[in-house]
Amino acid sequence: MIPDSFIQDLLTRVDVADVVGRYVQLKKGGVNLLGLCPFHNEKSPSFTVSPTKQFYHCFGCGAHGSAITFLMEHTGASFPEAVRSLAGAVGMTVPEENRSPVQQAATARRKEEVSQHTQVLQKAQAHYVAQLRESPAAIRYLQQRGLTGQIAKTFGLGWATADRQSLGKVFQRYDDPILVESGLVIESEDGRRYDRFRERVMFPIRNVKGEIVGFGGRIIGKGEPKYLNSPETPVFSKGNELYGLFEARSAIRSEGCVIVVEGYMDVVGLAQLGVGNAVATLGTATTPMHIQKLLRASDRIVFSFDGDGAGRRAAWRALQTCLPLLRDDISIRFLFLPTEHDPDSYIREFGQEAFRACLSESDALSTFFLNELASRHKIKEVEGRSALVHEARPLLVQIPDITLKIQLQNELARLVQLTPEELSQLLARDVPHALPGLPVPGSNAGGMSAGVPQAPRRSSGITGSVPAGTASQSSASHIGMPSDEPGYLNIPDGVDYGSQVPDYSNADYSSPGPNKQGYARQGYTSQSYTGFDAGRGKKSWGRFGKREAPPGPGAIPTRRSVAPMARRLLRLLLSHPELVDQMGDQQLEVLERGPHLEMVRDLIVLAQSSGARHLGALIQAADPGGDLGVLMASVAADLMTQEVLPEPQKEWEDALRRIELESLRQEQGALIAQGENNLQLQQKYGELSQRIARLIRAIDTGKAS
C-alpha cells in the first residue's frame, strides 16, 4: 500500500501541466492552459489545466482530476502504476507501507507471473492471426457476416485450426505449465495435452490497458458450445472484463454513451456498421465490476439484449446489479429489439439510423423496473399489488438515498394505489441488516476517504415524499451568497432550503436522546469533532468520538446540507487549502459551534490529515463517492474559472467573525427566552453585547479596508 503522505508529497513536486502536456497540446488562455479534450471529440478547446490549482477540468464532458487521475483515465494505468510513473519522472522512490520482505517478494512474484502470462497470450495471438490468413473457410465466414479485413485487424481476429496441438508449433515446450495456467492448453487426467481452442474464430480479450488477458472462440460450423471463453486465470476473470471496451474507448467518448450487448459478434458487427461504442459481457451475468468499469467509461449506459425471454431475464439481472451503484448524474437504459433480431441483425436489415432511433427510445431503468414488476403480478387485485410491494422492497433498499429513489418510490406508490407516505412507512419497516463485513445498502462502502474516516451523516429529519438528501448536481438547489459577498460559488445543497430545514441553532450536543436535535439526535457526543493534532500541535477534528446509540433501522444516510455561509468557507478552502496552516484554536472553536458547518470541518480534517495544499491534491485525497468528493466534482468548473484571491486570509477571518457574531446573538436570544431577570444573567447579557459590538466594529473595519 502506498502511503498517503507520499502521494501528497508527489503531487507537490509534479506539475499537472507538464503531465497533461505530454499527451495534449496546450496553449495559454489567461491564467490557465487550454487544449482539445483527450476524453471526447471536440473541435474547439474546452479542456482546461490550472497550474496554480494543479488540476484539470473539461467544460465539455466534465472530466477532471489531478495528475494521477489523468494518467489513470488517459493511459488506462492502475493507481499504483500511475503513482510509480510520476514518481520515476521526478526522481522519487515509491515506498511500501507496512510490507514485510516476504510480502514484497510475493508482490514481485505476482508481477513476474502476470508478465509471463501476458507474453504467452500475445505469442498465441500472433499465431491465431497468422492462421486466419491461411484459412479460406474462416475468411469466408467473416465475409458472410459482413466483416472486412480492416475491422478484423482492428479487433485482432484470428483462427484456431483443427489441429489438437497447433500451439506446439509456437512454443518450444508444449508441456510448459504456463500454457495450462493461461488457459491455452487443457491437460487430461491421463496427462495428455491438447489445445483448448480448435476450429474457432478467435477474439482476443483485452484489459483497459490493451493487454491481452484471454480469448473467446466462436465455432463456425456445427458444435457446442457456440462460444468458448478462456477459463479463470491469474490475469483473467469473466466478471471483471468487458469485450471491446479497449477498442471502443474513443467511440464511447465521441458518442457520449456505451452500449452493452450479449456477444462478440454483436460488438464487431456494430463496429463494422459504424456503431463503435458497443461492448459485451463475456458469457456471464453483468457484475458490479462491469458496471463500475462502464461508469468510468461513460455516464450513459444502454443495455441492448435480445427481446426474447432469455434477453429480458439477462436485462433484469443487469438492472438488479445496477441498483446499489445508481447516481442522479448517470443514465442507465434498456433496449429490447424484436425477438427475431439481435443488434447486429437489426442494423443490417434496417440501417444505422433506425438502430440509433431505437437507442433514443429505449426504456429508462425506472420504466423497465416498474413495467417488469407490474408484469409479474395482478395489479388489478389487492393481493397482486401487495405482492408487488413485497418483491420491490429488497430492491429499493439497495438504491442509495438519491432523488431517483424517491421518485421511483412515488411512481411505485401510484402503481399500487398507495400514498408516497404509506409506501415509505411500509418500506422502512423491514430494512435488512448488512451481512458482517459488508456495507449497508446505500451507504458509503468502506466509509473511508484516503485513510480519513468519514464523518457521521446527519439525517435531514424530512420524511414522506419530500426529497431529503438529494445528491445530484442537476436537481440540487443552488442558493448563492448575498450580492455584496465576493466570489460567489455554486455549491449544491443536500436538501432544498426553506421551511423544511431543521433548526440546529439550539441543538444540544452533549447527550443523546430521541427528542434532541443535531448530532445528539443521531447519538453522537460532542467528542465527535474534538481531538488533538499532535503533528501540528493545535486543535483539530479527528472524528473519533464514541457513538452512544446507532440510528434506528429506518435511518438512511443522506447528502448533507450546505448553508450560504458554509459555501463561502468551502470556496475559500478549496481555492486556498493553505489556510488550514494558519488556523488557531479560537478559529477552530468558532467553526465547531457553527451550525451547518459539518462539511467545512470535514474539509479541514482532510486538508490537515492528507497534507493537501492545492485543489488537485484535495481531489486526489477525497473519496469520490463521499460528500466532499461529490462536492468537488460539482464545483470543478466554477473553481477552474475562479481567480486566486489577493488576501484570502482576511476574507476567511471576516467569515469567521460573521459566524461568531451569529452565535453570540443566538446566545443572547436564549438568555431572553429564559424569562429570568437576575444579576448573573444581566452580566452575561452585557458581556455578550460588548463582544458583539467589538465584532461589528471589526467587520466594518474590514469592509472599509
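Residues numbered from 1 in each chain as written. Predicted model: local features only at pLDDT ≥ 70, side-chain atom pairs only at ≥ 80, totals over all residues. Heavy atoms only, no water.

**Student:** Run through the overall build of the chain, naming residues and quoting values.
**Tutor:** When helices and strands are tallied, the chain shows 26 helices and 20 strands. Buried residues in the chain amount to 48% of all 705 residues. Only carbon and sulfur atoms are counted for the fraction: they give 50% of the accessible area of the chain, which is about 33000 Å². (Helix = DSSP H or I, 4+ residues; strand = E, 2+ residues; numbered from the N terminus. Buried < 20%, exposed > 50% of the residue type's maximum accessible area, 1.4 Å probe, protein only. Areas by Shrake-Rupley, 256 points an atom, 1.4 Å probe, with all protein chains shown as cover.)

**Student:** Describe the pattern of salt bridges, naming the residues involved and giving the relevant values.
**Tutor:** One pass over the structure, following the stated rule, counts 19 salt bridges. In this structure, Asp9 engages Arg13 in a salt bridge whose closest nitrogen and oxygen atoms are separated by 3.4 Å. Remark: Arg13 and Asp9 occur in helix α1 (residues 4–13); sequence separation between them is four residues, near one turn of the helix. Across the pair Lys293 and Glu241 runs a salt bridge whose closest N-O atoms are separated by 3.3 Å. Within this pair, whereas Lys293 is found in helix α11 (residues 288–297), its partner Glu241 is found in the loop between β11 (227–229) and α9 (245–255), the two being separated by 52 residues in sequence. Here Lys293 falls in the buried class, since its relative accessible area comes to 13%. Salt bridges linked by common partners bring Arg312, Glu372, Arg376 and Glu391 together as one network. (Salt bridge = Lys/Arg side-chain N within 4 Å of Asp/Glu carboxyl O.)

**Student:** Help me get a handle on the packing of helix α20 (residues 564–575) against helix α22 (residues 598–610), residues and values and all.
**Tutor:** Running from amino to carboxyl end, α20 crosses α22 at an angle of 15°, the nearest separation of the two axes being 9 Å. Here α22 runs roughly parallel to α20, going by the angle between their axes. In this structure, α20 crosses over α22, and the sense of that crossing is left-handed. Counted together, Ala566, Leu569, Leu570, Leu573 and Leu574 of α20 and Met599, Val600, Leu603 and Ile604 of α22 form the full contact between these two elements. Looking at the contact of α20 with α22 residue by residue, the class counts come to nine nonpolar, no polar and no charged. (Axes fitted to C-alpha atoms, helices over the stretch in contact; angles between N-to-C directions. Parallel < 35°, antiparallel > 145°, perpendicular 65-115°, else oblique. Left-handed = near helix turned anticlockwise from the far one by under 90°. Contact = heavy atoms within 4.5 Å. Nonpolar A, V, L, I, M, F, W, Y, C, P; charged D, E, K, R; others polar.)

**Student:** Help me get a handle on the pairing of strand β14 (residues 300–305), residues and values and all.
**Tutor:** Along β14, five of the six residues are buried, which leaves the element largely enclosed by surrounding structure. Judged from the three bridges that link them, strand β12 (residues 258–261) and β14 form a sheet pairing that is parallel. For Val258, the partnering residue across the bridge sits in β14 and is Ile301. In this sheet, strand β15 (residues 331–336) lies alongside β14 in parallel orientation, the contact comprising six bridges. Note on β15: the bridge partner recorded for Phe305 is Phe336. Chirality of the crossover, the property in question, places the unit of β14, helix α12 (residues 309–322) and β15 among those that are right-handed. (Pairing = 2+ DSSP bridges. Right-handed = clockwise from strand over helix to strand, strands pointing away.)

**Student:** Give a detailed account of unusual backbone geometry, specifying residues and quantitative values.
**Tutor:** Cis geometry is found at the peptide bond from Glu224 to Pro225, where omega equals -5°. With respect to the helices and strands, the residue Pro225 is situated in the loop between β10 (212–219) and β11. For Gln54, which is not glycine, the phi torsion reads 60° and is therefore positive. One non-glycine residue, Gln417, lies in the positive phi region at around 60°. Among the secondary structure elements, Gln417 is positioned in the loop between α17 (403–415) and α18 (420–429).

**Student:** Tell me about the nonpolar core, and please be specific about residues and values.
**Tutor:** Phe47, Val600 and Trp652 are the most contacted members of the largest nonpolar core, which has 69 residues in total. It is helix α24 (residues 627–641) that provides the largest number of residues to this core, a total of seven residues. (Core = buried A, V, L, I, M, F, W, Y, C linked by side-chain atoms within 4.5 Å.)

**Student:** Describe the packing of aromatic side chains, listing the residues and the values that go with them.
**Tutor:** Here the structure, examined in full by the defined rule, presents 21 aromatic pairs. Between the aromatic rings of Tyr128 and Phe215, the centroid separation amounts to 5.3 Å while the plane-to-plane angle is 85°, which identifies the pairing as edge-to-face. With Tyr128 in helix α5 (residues 101–133) and Phe215 in strand β10, the pair connects residues that are 87 residues apart, well separated along the chain. For Tyr128, a relative accessible area of 2% gives the class buried. For the ring pair Phe303 and Phe334, a centre distance of 5.2 Å and an interplane angle of 15° mean the geometry is stacked. Of this pair, Phe303 sits in strand β14 while Phe334 sits in strand β15, placing them 31 residues apart in sequence. Across this residue pair, the class does not change: Phe303 and Phe334 are buried. The structure contains a cluster of three or more aromatic residues connected by ring pairs, namely Phe303, Phe305, Trp316, Phe334, Phe336, Phe368 and Phe369. Looking at Arg218, its charged tip hangs above the ring of Tyr227, at a distance of 5.6 Å from the centre. (Phe/Tyr/Trp six-rings, centres within 6.5 Å; stacked < 30°, edge-to-face > 60°. Lys NZ or Arg CZ within 6 Å of the ring centre and 35° of its normal.)

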